[in-house]
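# A closer look at the structure
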Amino acid sequence: MLKYHECFFASVAVKISPDWFDVKFRPYTLLAELTHQCPLHCPYCSNPLNLASPLQELSSTEWERVLREAAELGVLHVGFSGGEPLQRADLIQIVSAAKIAGLYSNLITSAVGLTRRRAEELKKAGLDSIQISFQSDEEVLANKIAGAKAHQTKLEAARLARELAFPLTINVVLHRSNIDRLPEIVALAEETGADRLELANTQYYGWAFRNRATLLPTRSQIENAKNIAREAKQRLTGRMELLFVMPDYYSGRPKPCMNGWGRTHLTINPTGYALPCPTAGEIKNLAFDNVREKSLGWIWNESSAFNRFRGSEWMPMPCRDCEFREVDFGGCRCQAALITGTAENTDPACSFSPHRSKLTEFVELAAQRLDQTSEREIVFRDNR
């Protein structure tokens, strides 16, 4: 997310607290989840199963204060997400506040609601870039996955973004139903003129965790997709950046989730709770603080939740003695909590984890049930 920070520093004067130069952990990126409201019903959504009501959401005035405090902490880049951020009537005001605070801003959107007038207003307010999610390249399949007729709207929005000279990222979440169309998906991104294509295999949290038996691709699908993505990345060098994210369920090494817990990133959810990552709410035995009650600086530096998994002293064996402990930081705490029941455990995505079998047994069982698993078993996101 920080690819634009050099031009950012060249063009914007930022008021940053002098203290952040001396701190060990400094946030660079903020994910601002403005709302859980969304016109789509994607079954892989990582939002929680219990969605926040619009009546509980932070106001634009509260977001303005949060953005100022984020900039003072050293944050450079804010991503406006949701749900669907375009559902907020005051989005222009919030984007303008990010600009005033000196933050590079990115709209992470389904594109439903991105009319020409709205896009031009966002441009004028200072929005820097746009990321549009696609469910597939093929309209019928894409609309089926989204649970709504949105594919043509997305195509029109992508053309509009390029016309208005927004840097454009196309994001496609991959799963069993669309991963075999990867060559066509890459071609779609090329046709839109996107600067960047993110091919992110489903991360199994929220609604995706509930649907993982149906969404999880086979190992052969993953290997084929990895080869296609590698060839496309080489072919498109210098024209379009391509990122392929492997699913943890087929990896022997855990990812350095968010570059480590509370090290460089924070999320503010729609109701104001500050989280070290977007899905940290999955960890039920941690108490997270709210920006309505505490300053962002206090939460980042002093709160027990943000400090709980920083560094390596908290790590169990074998993480504590692992040569990669400062590389992957023990993997994903949310995944450990979901699969093993305890966030303190070694991420089962690691081949050295004592809990590895909980993941591998699920993968094997899902493969055995492949012919028995029906798409009718998918639970689409319920927006009520």
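Rules used throughout
Residues numbered from 1 in each chain as written. Predicted model: local features only at pLDDT ≥ 70, side-chain atom pairs only at ≥ 80, totals over all residues. Heavy atoms only, no water. Phe/Tyr/Trp six-rings, centres within 6.5 Å; stacked < 30°, edge-to-face > 60°. Helix = DSSP H or I, 4+ residues; strand = E, 2+ residues; numbered from the N terminus. Buried < 20%, exposed > 50% of the residue type's maximum accessible area, 1.4 Å probe, protein only. Axes fitted to C-alpha atoms, helices over the stretch in contact; angles between N-to-C directions. Parallel < 35°, antiparallel > 145°, perpendicular 65-115°, else oblique. Left-handed = near helix turned anticlockwise from the far one by under 90°. Contact = heavy atoms within 4.5 Å. Nonpolar A, V, L, I, M, F, W, Y, C, P; charged D, E, K, R; others polar. Pairing = 2+ DSSP bridges. pLDDT = per-residue confidence, 0-100. Salt bridge = Lys/Arg side-chain N within 4 Å of Asp/Glu carboxyl O. Core = buried A, V, L, I, M, F, W, Y, C linked by side-chain atoms within 4.5 Å. Disulfide = S-S within 2.5 Å. Expected span 1.5 Å × (residues − 1). Arc of directions from axis to C-beta.

### Some details on the packing of aromatic side chains
- Per the stated rule, a full pass over the model turns up five aromatic pairs.
- Look at Tyr249 and Phe362: their rings are 6.0 Å apart centre to centre, the planes differ by 80 degrees, and that puts the pair in the edge-to-face class. Within this pair, whereas Tyr249 is found in the loop between β7 (241–245) and β8 (265–268), its partner Phe362 is found in helix α14 (residues 356–368), the two being separated by 113 residues in sequence.
- Between Phe309 and Trp314, the ring centres sit 5.0 Å apart and the planes meet at 75 degrees, which makes this aromatic pair edge-to-face.
- By relative accessible area, Phe309 is classed as buried at 3%.

### Side note on the packing of helix α2 (residues 60–73) against helix α3 (residues 91–101)
- Look at α2 against α3: their axes get within 9 Å of each other, and the N-to-C directions meet at 25 degrees. Taken together, α2 and α3 sit at an angle that is classed as roughly parallel. Considering the relative orientation of α2 and α3, their crossing is right-handed. Packed against α2, whose contacting residues are Ser60, Trp63, Glu64, Leu67, Arg68 and Ala71, the element α3 presents Gln93, Ile94, Ala97, Ala98 and Ala101 at the interface.
- When its residues are assigned to classes, the contact of α2 with α3 shows seven nonpolar, two polar and two charged.

### Re the sheet that holds strand β5 (residues 168–174)
- Taken in spatial order, the nine strands of this open sheet run β7-β6-β5-β4-β3-β2-β1-β8-β9, and their pairing is mixed. With one partner strand each, in any of the chains shown, β7 and β9 (274–275) form the two edges of the open sheet.
- Sheet topology places strand β6 (residues 196–201) next to β7; five bridges connect them, and they run parallel. Following the sheet pairing, Glu198 is matched in β7 by Leu243.

### What to know about the confidence of the model for the protein
- For the protein, mean pLDDT is 91; residues scoring 70 or higher make up 92% of the total.
- Within the model, pLDDT remains below 50 along residues 1–22, and this stretch shows 30 contacts once partners closer than five positions in the same chain are excluded.

### Let's talk about the pattern of salt bridges
- For the structure on display, the rule yields 17 salt bridges.
- In this structure, Arg88 engages Glu57 in a salt bridge whose closest nitrogen and oxygen atoms are separated by 3.4 Å. Of the two residues, Arg88 sits in the loop between β2 (77–81) and α3 while Glu57 sits in the loop between β1 (29–33) and α2, which places them 31 residues apart along the sequence. Accessibility classification places Arg88 together with Glu57 in one group, the buried group.
- A salt bridge links Asp195 to Arg162; the shortest N-O distance between them is 3.3 Å. Here Asp195, found in the loop between α7 (182–192) and β6, pairs with Arg162, found in helix α6 (residues 151–163); they are 33 residues apart in sequence, far enough to count as distant.
- When its relative accessible area of 28% is taken as the criterion, Asp195 is described as partly exposed.
- The exposure class assigned to Arg162 is partly exposed, which follows from its relative accessible area of 31%.

### Structural notes on the nonpolar core
- In terms of nonpolar packing, the biggest core is built from 89 residues, with Phe80, Leu199 and Ile268 touching the most fellow members.
- Aside from chain neighbours lying at most four places away, what touches Leu199 is Val172, Leu174, Leu182, Ile185, Val186, Ala229, Leu242, Leu243, Phe244 and Val245.
- If you look at the next biggest cluster of nonpolar residues, it comprises 17 residues, including Trp261, Ala305, Phe309 and Ala337.

### Considerations on the packing of α7 against helix α10 (residues 219–235)
- Where α7 meets α10, the closest approach of the two axes is 10 Å, and the angle between their N-to-C directions is 30 degrees. Judged by the inter-axis angle, α7 sits roughly parallel to α10. In this structure, α7 meets α10 at a crossing whose hand is right-handed. Residue-level inspection shows Leu182, Pro183, Val186 and Glu190 of α7 in contact with α10, the latter providing Ala225, Ile228, Ala229, Ala232 and Arg235.
- Its residues assigned to classes, the contact of α7 with α10 comprises seven nonpolar, no polar and two charged.

### Here's the deal with the pairing of β8
- Side chains His265 and Thr267 project from β8 onto one buried face, and the interleaved Leu266 and Ile268 project onto a second face that is buried too.
- Bridge count for β1 against β8 is four bridges, and the pairing is parallel. Bridge assignment links Leu31 to a residue of β8, and that residue is Thr267.
- In this structure, β8 lies alongside β9, joined through two bridges in antiparallel fashion. Within β9, the position partnered with Ile268 by the bridge is Ala274.
- Taking the residues that link successive antiparallel strands as the turn, the β8-β9 hairpin has five residues, and the phi of Gly272 there is positive, at about 100 degrees.

### Quick word on the state of the cysteines
- In the structure shown here, the tally under the stated rule is zero disulfides.
- With no disulfide of its own, Cys350 lies closest to Cys322 among cysteine sulfurs, the gap being 6.3 Å.
- Judged by relative accessible area, Cys350 falls into the buried class, the value being 7%.

### Brief notes about α10
- Between the first and last C-alpha of α10 there are 25 Å, a value that for 17 residues agrees with the 24 Å anticipated at 1.5 Å per step.
- Here α10 has its buried residues at Gln221, Ile222, Ala225, Ala229 and Ala232. Along α10, the residues classed as buried sweep out an arc of 95 degrees about the axis, all on the same side. Turned more than 90 degrees away from the buried face of α10 sit Ser220, Glu231 and Gln234, all of them exposed.
- Of the surrounding elements, those touching the buried residues of α10 are α7, β6 and β7.

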